[in-house]
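Here's the letter readout for the chains.
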Amino acid sequence: MPFTQLKEEVAKELGIPVQFQRYWIWAKRQNHTYRPDRALTAHEETQSVGQLRDRNSAELKLFLDVELCLDLRPFPPPEKTKEDILLFFKFYDPLKEKIRYVGRLFVKESGKPMEILTKLNELVGFSPDEEIELFEEIKFEPNVMCEHIDGNQSFRDCEIGDGDIICFQKSLRNHVSEQYRFPEVPSFLEYVHNRQPEEHQMVVPISDSPTKIPQTIKVAPADTASTVDAQAVDDPASAQFTWTIDNFSRLNVKKLYSEVFNVGGYKWRILIFPKGNKVDCLSIYLDVADSASLPYGWSKYAQFSLAVHNQIQNKFTVRKDTQHQFNEREKDWGFTSFMLLSDLCHPEKGYIMDDTVIIEADVAVRKAN
């Protein structure tokens, strides 16, 4: 199909006239993020869809850039020069603990971030002279990378280019940051990254529902798999729990729970997403198993580690440590991007042997008063 015909199809589908459409190549970067990389040239738009696809590694993903009037009617996009770069902006409110997309702007590569502060304040309804801080959201998976931006350097010197994401917030310079759980953008993104979405039921596609409960999971009994060991927690109760999962490659569920085990008088279980929780990684969390029956306002503090055992060389076991105050809103906590699925499933790396995966949890909790 000629690309010009594709634009006509888009006009019919989305109501954006052809002359108001500007397309960008949506490209994968070296750090595995996806961003609008560059606008299609007039010459490229005379080619066929197949030709464009073949020029872009046999995959064609596009970002449609549309300029809107105040009444939301589209108008022709402004001419883009080589000096112009397209940036996307998010606003973070540490009091509400919310971050939201507020718009995108074209800026000059040689310009400085401090020169657009008035415009950013306008986007969120602040006074023009409100002091704000800027951060670049570099990547979110498999780990968060978010860095403060020096407003006095040029965008070029800050290595900011087309498609980059800038988060901003009110400056806390004259505020007591301790009053916020997550005072700045990087800490909040870390929180979102590690938070397990609030879903309480195992999701199994209807077409994949088994006619009987498959016997695919072996769980070591808590009394034999647990060991009590002193931890750096006041009045601790601690134990190790081992979960052996057979036929791992044949699991056909979105998420899977271990059997319940007891530590410090509390009931826990491990939650995994075998194919990743919306990421190309194994996702593992510690879950409060009896949260639905606990009294209103309950809260539990735990320090814990989760591990995927390497069955060839123990020194290559992947283990991650964290701590959390579990409550009604956050009954799960752990690691969305625990380890890459490509590493987990690699036949020579030793994490899956005889189609079996071994997961361990070391948990230390405060005893109830």
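Bear in mind that the values here come from a model prediction, so they are computed numbers and not experimental data.

What follows concerns the packing of aromatic side chains. Overall, the coordinates contain 18 aromatic pairs when judged by the stated rule. Residues Phe3 and Tyr23 carry aromatic rings whose centres are separated by 5.2 Å and whose planes lie at 80° to one another, so their mutual orientation is edge-to-face. Placement of the pair is Phe3 in helix α1 (residues 3-14) and Tyr23 in strand β1 (residues 22-28), with a sequence separation of 20 residues. Judged by its relative accessible area of 0%, Phe3 falls in the buried class. With a centroid separation of 6.4 Å and 80° between ring planes, the pair formed by Tyr266 and Trp268 is classed as edge-to-face. Neither residue differs from the other here; Tyr266 and Trp268 are each classed as buried. One residue, Lys300, lies across the ring of Trp268, its end atom 5.7 Å from the ring centre.

With that out of the way, let us pick up the sheet that holds strand β7 (residues 98-108). Ordered in space as β7-β6-β10-β8-β9, the five strands form an open sheet in which the pairing is mixed. Edge positions in the open sheet fall to β7 and β9 (145-148), since each of these has one partner strand only. This sheet shows a mean twist of 30° between the axes of neighbouring strands, independent of strand direction. Here 10 bridges tie strand β6 (residues 84-93) to β7, and the two strands are oriented antiparallel to one another. Each residue of the ladder has a partner; that of Phe91, found in β7, is Arg100. Running at roughly 125° to β7, helix α4 (residues 185-194) makes contact with β6, β7, β8 (132-139), β9 and β10 (165-170) of the sheet.

Calculation rules
In this numbering scheme, every chain counts its residues from 1 along its sequence in written order. Since the coordinates come from a predicted model, pLDDT governs what is reported: local features require at least 70, and pairs of side-chain atoms require 80 or more to be given and counted, while whole-chain, interface and lining totals use all residues. Where side-chain values are given, they derive from all heavy atoms of the structure, hydrogens and water being excluded. Stacked, edge-to-face and tilted are the three classes for Phe, Tyr and Trp ring pairs, Trp counted by its six-membered ring, which pair at centre distances within 6.5 Å; planes under 30 degrees apart are stacked, over 60 edge-to-face, the rest tilted. Secondary structure elements are taken from DSSP: a helix is a run of H or I of four residues or more, a strand is a run of E of two residues or more, and numbering for both begins at the N terminus. Buried, partly exposed and exposed residues are distinguished by accessible area as a fraction of the type maximum, computed with a 1.4 Å probe on protein chains only: under 20%, between the cut-offs, and over 50%, respectively. Note on geometry: a ring has a charge over it if NZ (lysine) or CZ (arginine) is within 6 Å of the ring centre and within 35 degrees of the ring normal. At least two DSSP bridges between two strands are required for those strands to pair. The angle between two axes is taken between their N-to-C directions and runs from 0 to 180 degrees, where each axis is a line fitted to C-alpha atoms and a helix contributes only its stretch in contact. In what follows, a contact means two residues having at least one pair of non-hydrogen atoms within 4.5 Å.

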